[in-house]
Amino acid sequence: MSGVAVSTQKPSPSTVVAGAAAPPPATIPGRIGLIAGWGDYPILLARTLHERGLAVFGLGVRGHADPVIRDYCREFAWIGLGQLGRAVRFFRRHGVAHATMAGKIHKVILFQRWAWLRHLPDGYGFRAFAPHFLFRHRDNRDDSLLETVCDAFARRGIRMDPATDFVPEVLAEPGVLTRRLPTAAQWQDIAFGWRIAKEMGRLDIGQTVAVKDLAVLAVEAIEGTDACILRAGELCGAGGFTVVKVAKPRQDMRFDVPTIGMNTVRNVAAARGAVLAVEAQKTIFLHRQDVLDHADAHGVTLVALGGQ
């Protein structure tokens, strides 16, 4: 595959997993702010930082974050998507100068009726997002919106750091991770899908594509990876397709980092997909052993490319 390093060696079982009792890097501050979205990743991150003796000050996005995250936070509060001023005040009140974002934000809610009543912007949030939603000077792509969020915090003295700087062990290691190897035809589909997915990422449309026999079955947009996979299964009754999920060509590791976990592999298996290919060192890999066990049990090949 041009431009992608491929290893067919299965990684060692001793590969570190998130939550291991490893000392934090010296550059990690003692107080960390966390803006938590949907999924297990924010919980895993908060728990890991808590177990390493760091003080976590958490903000849960209303309707997204799991309340269990409060168990691992020194202080915790709920916020709406547009409440940047409330978030800034919370962090500054607790002496937080470094923060991070983890978890998915379901952008589709922005297009539902009365969504802004639940996530009503405060004054600072209104001023930050007005160029996007009011004046339309800026578009509403994921990178555009999230860059606005990071810039808004930076103007108030709070730096947004990549969550993977704090727990780099969650990133997928390169190699074929399951017992089953891709066939020659599947390697071709992986290479084909990789090119398509990278171009989609460059345009900030999505990061996932499903392909079979060098043809595109489904692409990810606002609906997310899981819906893309299930749609591919509906369109490809014979199954056996390949799912490729990559980082954007100029991926900002502070946000929107590709993530796979149990939902991903379950959906690939349920849709009768055959291969899940991701980008090594730029994909968050949750519940690693459970995912690999499920993939092996259902004949799904999982491969991580690059990262070497």
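Residues numbered from 1 in each chain as written. Predicted model: local features only at pLDDT ≥ 70, side-chain atom pairs only at ≥ 80, totals over all residues. Heavy atoms only, no water.

1. As for the pairing of strand 1 (residues 31–36)
Phase 1 of the analysis: Buried residues dominate strand 1, accounting for five of its six residues.
Phase 2 of the analysis: As paired strands, strand 1 and strand 2 (residues 55–61) are joined by six bridges and run parallel to one another. Each bridged residue has a counterpart across the sheet, and for Leu-34 the counterpart in strand 2 is Gly-58.
Phase 3 of the analysis: Taken together, strand 1, helix 1 (residues 41–51) and strand 2 form a β-α-β motif whose crossover is right-handed.
Phase 4 of the analysis: Strand direction decides the pairing type here: strand 1 and strand 4 (residues 98–102), joined by four bridges, are parallel. Each bridged residue has a counterpart across the sheet, and for Gly-33 the counterpart in strand 4 is Ala-99. (Buried < 20%, exposed > 50% of the residue type's maximum accessible area, 1.4 Å probe, protein only. Helix = DSSP H or I, 4+ residues; strand = E, 2+ residues; numbered from the N terminus. Pairing = 2+ DSSP bridges. Right-handed = clockwise from strand over helix to strand, strands pointing away.)

2. Some words on the environment of Gly-37
Phase 1 of the analysis: Looking at the element boundaries, Gly-37 is found in the loop between strand 1 and helix 1.
Phase 2 of the analysis: Here the alpha-carbon distance between Gly-37 and Gly-60, two residues 23 residues apart in the chain, equals 6.5 Å.

3. Re helix 7 (residues 184–202)
Phase 1 of the analysis: Along its 19 residues, helix 7 runs 27 Å from first to last C-alpha, staying within 8% of the 27 Å computed at 1.5 Å per residue.
Phase 2 of the analysis: All of the buried residues along helix 7 are Gln-186, Asp-189, Ile-190, Ala-191, Phe-192, Gly-193, Trp-194, Ala-197, Lys-198, Met-200 and Gly-201.
Phase 3 of the analysis: Close packing links the buried residues of helix 7 with strand 7 (208–212), strand 8 (215–219), strand 9 (242–245), strand 11 (275–279) and strand 13 (301–305).
Phase 4 of the analysis: Remark: Asp-204 follows helix 7 within two positions and exhibits a positive phi of approximately 60°. (Expected span 1.5 Å × (residues − 1). Contact = heavy atoms within 4.5 Å.)

4. Brief notes about the nonpolar core
Phase 1 of the analysis: Judged by nonpolar contacts, the single largest core of 29 residues is most densely connected at Ile-35, Leu-59, Leu-84, Phe-91, Met-101, Phe-153 and Met-160.
Phase 2 of the analysis: For this core, the secondary structure elements donating two or more residues are strand 2, strand 3 (75–79), helix 2 (84–93), strand 4, helix 4 (123–133) and helix 5 (142–154).
Phase 3 of the analysis: Those residues in contact with Ile-35, other than ones at most four positions away along the chain, are Leu-59, Val-61, Phe-91, Thr-100, Met-101, Ala-102, Phe-153 and Met-160.
Phase 4 of the analysis: Ranked by size, the runner-up nonpolar core spans 26 residues in total, among them Val-265, Val-268, Phe-285 and Leu-302. (Core = buried A, V, L, I, M, F, W, Y, C linked by side-chain atoms within 4.5 Å.)

5. Comments concerning the pattern of salt bridges
Close approach of charged atoms allows side chains of opposite charge to pair.
Phase 1 of the analysis: Per the stated rule, a full pass over the model turns up twelve salt bridges.
Phase 2 of the analysis: Across the pair Arg-202 and Glu-199 runs a salt bridge whose closest N-O atoms are separated by 2.5 Å. With Arg-202 and Glu-199 both in helix 7, this residue pair falls three residues apart, about one helical turn.
Phase 3 of the analysis: Between Lys-248 and Asp-204 there is a salt bridge, with the nearest N and O atoms lying 2.9 Å from each other. Taken as a pair, Lys-248 in the loop between strand 9 and strand 10 (259–260) and Asp-204 in the loop between helix 7 and strand 7 lie far apart in primary sequence, 44 residues in all. Per residue, the accessibility class of Lys-248 equals that of Asp-204, and both read buried.
Phase 4 of the analysis: Linked through salt bridges whose partners overlap, the residues forming this network are Asp-143, Asp-204, Lys-248 and Asp-256. (Salt bridge = Lys/Arg side-chain N within 4 Å of Asp/Glu carboxyl O.)

6. Focus: the sheet that holds strand 11
Phase 1 of the analysis: Taken in spatial order, the six strands of this open sheet run 6-13-11-9-7-8, and their pairing is mixed. Lying at the two open borders of the sheet, with one neighbouring strand each, are strand 6 (175–176) and strand 8.
Phase 2 of the analysis: Alignment of strand 7 against strand 9, held across four bridges, turns out to be antiparallel. Along strand 9, the bridge assignment pairs Val-211 with Thr-242.
Phase 3 of the analysis: Against the sheet, helix 7 contacts strand 6, strand 7, strand 8, strand 9, strand 11 and strand 13, and its axis sits at roughly 145° relative to strand 7. (Axes fitted to C-alpha atoms, helices over the stretch in contact; angles between N-to-C directions.)

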